[in-house]
Amino acid sequence: MSDVRHVLVLPDRDAAEEVAQALGERFGVEEEPQLVRDALAGEDDAEDAQWLVVLRDESGRLDAEELNEFAAEWEGWREDP
């Protein structure tokens, strides 16, 4: 088993929480994704933060392009490794 992780970048916490919940419904993800606040370099303002949704995919069954299109529904994207 490999330790494959996907990172989805979202514009705000609400979007990240919605994406985390919808991943289970859309892709059958059973393990709850991790939410991480990512402040842009030199920015302390919450308005300038991005939120990351990190999910493990040891089986490699999730398609990167599908995840990117999914995140785009919330004005986000899948970060390439």
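Remember, predicted model here, so these are calculated numbers, not experimental data.

**Here's the deal with the pairing of strand S3 (residues 49–56)**
Then comes step 1: Taking burial as the measure, the eight residues of S3 include six buried ones, the bulk of the element.
Then comes step 2: By the bridge criterion, six bridges tie strand S1 (residues 5–10) to S3 in an arrangement that is antiparallel. Across the sheet, the residue bridging to Arg5 is Arg56, located in S3.
Then comes step 3: Sheet topology note: the strand S2 (residues 34–39)/S3 ladder contains six bridges and is antiparallel. Counterpart to Arg37 in the pairing with S3 is Trp51.

**What to know about the layout of surface pockets**
Then comes step 1: Roughly 230 Å³ of volume is contained in the largest pocket.
Then comes step 2: Per-element accounting of the lining of the largest pocket gives the leading share, three residues, to S3.
Then comes step 3: Here the lining of the largest pocket is composed, by residue class, of five nonpolar, three polar and eight charged.

**Examining the sheet that holds S3**
Then comes step 1: A sheet is described by the order of its strands in space; here four strands give the open sequence S2-S3-S1-S4, paired in antiparallel fashion. Of all the strands in the sheet, the pair left with one neighbour each is S2 and strand S4 (77–79). Ignoring strand direction, the axes of neighbouring strands in this sheet form an average angle of 35°.
Then comes step 2: In the packing of helix H1 (residues 13–27) onto the sheet, contacts are made with S1, S2 and S3, and the angle to S3 comes to roughly 15°.
Then comes step 3: Against the sheet, helix H2 (residues 64–72) makes contact with S1 and S4, and its axis sits at roughly 135° relative to S4, the strand it touches most.

**Digging into the packing of aromatic side chains**
Any aromatic ring pair is given by two values, namely how distant the centres are and how the planes are angled relative to each other.
Then comes step 1: According to the stated counting rule, one finds two aromatic pairs in the structure shown.
Then comes step 2: Relative to Phe70, the ring of Phe27 lies with its centre 5.2 Å away and its plane at 90°, an arrangement referred to as edge-to-face. Of this pair, Phe27 sits in helix H1 while Phe70 sits in helix H2; the two residues are 43 residues apart in sequence, bridging distant segments of the chain. A single burial state applies to Phe27 and to Phe70, both of which are buried.
Then comes step 3: Owing to a relative accessible area of 1%, Phe70 belongs among the buried residues under this scheme.
Then comes step 4: A network of ring pairs unites the aromatic residues Phe27, Phe70 and Trp74 as a single cluster.

About the cut-offs
Residues numbered from 1 in each chain as written. Predicted model: local features only at pLDDT ≥ 70, side-chain atom pairs only at ≥ 80, totals over all residues. Heavy atoms only, no water. Buried < 20%, exposed > 50% of the residue type's maximum accessible area, 1.4 Å probe, protein only. Helix = DSSP H or I, 4+ residues; strand = E, 2+ residues; numbered from the N terminus. Pairing = 2+ DSSP bridges. 1 Å grid on protein atoms, 1.4 Å probe; cavity = no way out; pocket = protein on both sides within 12 Å on 5 of 7 lines; lining within 4 Å. Points joined across faces, edges and corners; volume = space filled by probe spheres on them. Nonpolar A, V, L, I, M, F, W, Y, C, P; charged D, E, K, R; others polar. Axes fitted to C-alpha atoms, helices over the stretch in contact; angles between N-to-C directions. Contact = heavy atoms within 4.5 Å. Phe/Tyr/Trp six-rings, centres within 6.5 Å; stacked < 30°, edge-to-face > 60°.

Purely geometric numbers; function is a separate question.
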